[in-house]
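Breakdown of the fold
Each chain, written out:
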Amino acid sequence: MFNQGTNNAPSPKSVIPFFVLSAVSWLIAIVFIAFHPNSVLKTVYFNEVMLTITHILVLGFITSVIFRALFQLLPVIFLQKIYSEVLTKTIFYLLLIGTVGLCSSFYFDSNGLGLTLFGSLINGAVVLFIINVWKTIGKSTENKAAKLFIKTSAIWLALTTLAGLFLAINFLFPFLPFAHIELLKVHAHFGIIGWFVFLIIGVSSVLIPMFLLVHNLDKRPLYFSYTFLLICLLLGGISKLTNLPVLMYISYGIGSIGFIYYLNFIYVIYKLRPRKHLDYGLKKTMIAFPSLGLVIISAILFISGFKITIDLSAFYIIVLIIGFVATLILGQFYKTLPFIVWMKIYKPFVGKEKTLLPKDLYNYRMLKYQFFTHVSGFVLFFSSLLLQLISLFYIGIGLLMIGAVLFLINVMQIIFHKKQTL
Amino acid sequence: MTSNNGENITEMGIYLSLKEVIDPELYVNIVDLGLVYGVILKKDDGNKVTIELTLTSKGCPMGGAIIQDIEQTLMRIYPGLIVNVELVWEPSWSMDMVSEEGHIALGMG
């Protein structure tokens, strides 16, 4: 009989709460952006609105969905059961309370006490997450490149949240021997590149070929990408903490090469794909990758000393989060959530009667509209940042908001789906 | 519909019956996808059939559902048939195993 990880899926109860937190956070973040145009257009790192929006996005939306994705996908990638579902549920509650508390503390300017308290909860969630991931992956010999990226991303996540906690404590008892703004930049880059990008590369290196039916790929570009991005992060961190700007420029250049290797890996998969017809979930996944090109161009312009109205380093972070990470996540939702719910509701009836397919659990037309509003929304939103045009900003964010509402409706429709008979 | 009258059951009949089993992600049946490597029917062993099945990737999360679909579908069409599904990974699945109909369904026609 079968044994190769096909029955290792976690229980829906342990992962669905992450889906809900994520979809709700995405809508809340877009609403916050819409109501605070000046804070976003004149992007400054250290204002309470930007910190609130950023943490709703990176913790409530992205980290939540990544935690969920990993608990669902680790069994697929490494053919192992999740080490502990109790830990998975505990992580959710720590992340939920920590995120709500931390973002409220930023917004209402809590003076460091709330940040320290709720930041500690987030750190607790991260420690449990790392235990759960490392114990699950264990000694699996499957997908070695993905394993390397995922394990490394967990370390960067720990460093990111620890740096965040240091920043919070520094508000209460100033102890940092250097300007806290430098640690804030390190915190941001460790989180975005070290945590999100490493993780996404690791997971996508398995899932995208799997969805597009591509086999026997040359994995060397992934290892090159890993090496360059790792050096990029280390040099960037050292440059900030030692005040050696030259290292930062080298770091940007090396990081761009790392991204190019990864993009090339994805491009090869896309070119070779036997599955020519892509549904909108996969289209949305694939449309995320060109935005990485914009990130590379911004990084190159930044190291060339090119000046525009917006801080380029802030611009590429916004593109990376909303253009790449968010788009990828919104697309992959449709390749995961319907399957979890379908397995729970319809698996007992498979073969005994005609059942719906996972794609029948959501409104495909709504997904199509969500795709178009999201893509046109982020193109106009980024243009508004570059051109500093408030009218364009409102159109762009309005479209993103429509997409976020459609997305939330579709997610709820999937989660509350009741069995139908054909 | 074929009854489980030992004489009527054939390996080819079972193979064609598996066209009712659809891959929930690709929306193509498992026969046209080339996932069925073998059908071994042993009539002297109480009408027992072994299906040699592969998946498009090793960790395919839909594997369990596909296997259950095979078992239930065959037991529904051939009441009393003992169904055993064995996952095999050699040779590993590739697009060469997909039928012409499968290619068309995947948008490669």
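Residues numbered from 1 in each chain as written. Chains lettered and ligands numbered in written order. Predicted model: local features only at pLDDT ≥ 70, side-chain atom pairs only at ≥ 80, totals over all residues.

Of the regular secondary structure elements, chain A holds 15 helices and 0 strands. For a compact globule of 422 residues, the expected C-alpha radius of gyration is about 22 Å, and chain A comes in at 21 Å, within 12% of that figure. Its C-alpha atoms give chain A principal-axis dimensions of about 65 × 50 × 45 Å. At a minimum sequence separation of 6, the contacts of chain A that also span at least 24 residues come to 78%. (Helix = DSSP H or I, 4+ residues; strand = E, 2+ residues; numbered from the N terminus. Rg over C-alpha atoms; globule rule 2.2 N^0.38 Å. Contact = placed C-beta atoms within 7 Å.)

Along chain B, the regular secondary structure elements total 3 helices and 3 strands. Listed by position from the N terminus, the elements making up chain B come as α-β-β-α-β-α. In terms of C-alpha radius of gyration, chain B reaches 14 Å, essentially the compact-globule figure of 13 Å for 109 residues. Once the C-alpha set of chain B is aligned to its principal axes, its extents read approximately 40 × 25 × 20 Å. Residues counted as buried form 39% of the 109 residues belonging to chain B. At a minimum sequence separation of 6, the contacts of chain B that also span at least 24 residues come to 63%. (Buried ≥ 20, exposed ≤ 12 C-beta atoms within 10 Å, placed from the backbone.)

This brings us to helix α2 (residues 63-77) of chain B. Spanning 15 residues, α2(B) covers 21 Å between terminal C-alpha atoms, matching the ideal 21 Å at 1.5 Å per step. When we look at burial in α2(B), the residues that qualify are B:G63, B:A65, B:I66, B:I67, B:D69, B:I70 and B:L74. Among the structural elements, α13 (337-346) of chain A together with α1 (11-17), β2 (48-53) and β3 (82-87) of chain B are those in contact with the buried residues of α2(B). (Expected span 1.5 Å × (residues − 1).)

Counting from both sides, the interface comprises 26 residues of chain A and, opposite them, 26 residues of chain B. Secondary-structure elements contributing two or more residues to the side of chain A that touches chain B are α3 (48-78) and α13 of chain A. At 3 residues, the largest contribution of residues to the side of chain A that touches chain B is made by α13(A).

Residues and elements named next belong to chain A. Of note, V133 is situated in helix α5 (residues 113-137). It is 7.6 Å that separates the C-alpha atoms of V133 and Y83, two residues lying 50 residues apart in sequence. Contact partners of V133, with chain neighbours within four places excluded, come to L70, L74, I150 and A154.

This paragraph deals with the pairing of β2(B). Residues and elements named next belong to chain B. The side-chain alternation of β2 yields one buried face, formed by V49, I51 and L53, and one unburied face, formed by K48, T50 and E52. As consecutive antiparallel partners, strand β1 (residues 36-42) and β2 are separated by 5 residues, and within that stretch G46 has a phi angle of approximately 70 degrees, a positive value. Alignment of β2 against β3, held across 6 bridges, turns out to be parallel. The residue of β3 that forms the bridge with T50 is N84. (Pairing = 2+ DSSP bridges.)

Residue and element names in this part refer to chain B. Across the sheet, which stays open at both edges, the 3 strands sit in the order β1-β2-β3 with mixed pairing between neighbours. Lying at the two open borders of the sheet, with one neighbouring strand each, are β1 and β3. When strand polarity is set aside, the average angle formed by the axes of neighbouring strands in this sheet is 15 degrees. Sitting on the sheet, α2 touches β2 and β3, and the angle it makes with β3 is about 155 degrees. (Axes fitted to C-alpha atoms, helices over the stretch in contact; angles between N-to-C directions.)

Residues and elements named next belong to chain A. Looking at chain A, the domain boundaries give domain 1 (1-142), domain 2 (176-276) and domain 3 (281-422). On a C-alpha basis, the centres of domain 1 and domain 2 stand 20 Å from each other. Contact with domain 1, which involves 8 residues of that partner, is made by 8 residues of domain 2. Looking at the side of domain 1 that touches domain 2 residue by residue, the class counts come to 8 nonpolar, no polar and no charged. (Domains from an automatic or database assignment. Nonpolar A, V, L, I, M, F, W, Y, C, P; charged D, E, K, R; others polar.)

As a further point, take the packing of helix α8 (residues 220-242) of chain A against helix α9 (residues 245-272) of chain A. Residue and element names in this part refer to chain A. Where α8 meets α9, the closest approach of the two axes is 7 Å, and the angle between their N-to-C directions is 160 degrees. Between α8 and α9, the crossing angle belongs to the class labelled roughly antiparallel. Handedness of the crossing formed by α8 with α9: left-handed. Class assignment for the residues of the contact of α8 with α9 results in 18 nonpolar, 7 polar and no charged. (Parallel < 35°, antiparallel > 145°, perpendicular 65-115°, else oblique. Left-handed = near helix turned anticlockwise from the far one by under 90°.)

Turning next to unusual backbone geometry. Residues and elements named next belong to chain B. A cis amide bond links E90 with the next residue in sequence, P91, at an omega value of -5 degrees. Structurally, P91 is set in the loop between β3 and α3 (100-105). Notably, Y27 is not glycine yet its phi reads approximately 60 degrees, a positive angle. For Y27, the position within the fold is in the loop between α1 and β1.

Helix-helix packing is characterised by the crossing angle of the two axes and by the distance between the axes. Residue and element names in this part refer to chain A. One can describe the packing of α9 onto helix α11 (residues 290-303) by two numbers: an axis separation of 10 Å at closest approach and a directional angle of 160 degrees. Classified by the angle between their axes, α9 and α11 sit roughly antiparallel to one another. Where α9 crosses over α11, the handedness of that crossing is left-handed. Counted together, Y249, Y252, G253, G255, S256, F259, I260 and L263 of α9 and L292, V295, I296, A299, I300, F302 and I303 of α11 form the full contact between these two elements. Residues that form the contact of α9 with α11 fall into these classes: 12 nonpolar, 3 polar and no charged.

In this section: the pairing of β1(B). Here β1(B) pairs with β2(B) via 6 bridges, running antiparallel. For B:K42, the partnering residue across the bridge sits in β2(B) and is B:K48.

Turning to the confidence of the model for chain A, a few remarks are in order. Residue and element names in this part refer to chain A. On average, residues of chain A score 88 in pLDDT, and 97% of them are at 70 or above. Across chain A, helix α4 (residues 85-107) holds the top mean pLDDT of 94, while helix α2 (residues 37-41) sits lowest at 78. Here residues 1-5 is a poorly scored stretch, pLDDT under 50, and it has 13 contacts once near neighbours within four places are set aside; other chains count. (pLDDT = per-residue confidence, 0-100.)

Before going further, it helps to spend a moment on α11(A). Each α-helix winds once per 3.6 residues, and so residues spaced three or four apart point in a common direction. All names here are of chain A. Compared with the 20 Å implied by 1.5 Å per residue over 14 residues, the 21 Å span of α11 between its first and last C-alpha is a close match. On the buried face of α11, the contacting elements are α9 and α12 (312-333). G305, located one to two residues past α11, shows a positive phi value of around 80 degrees.

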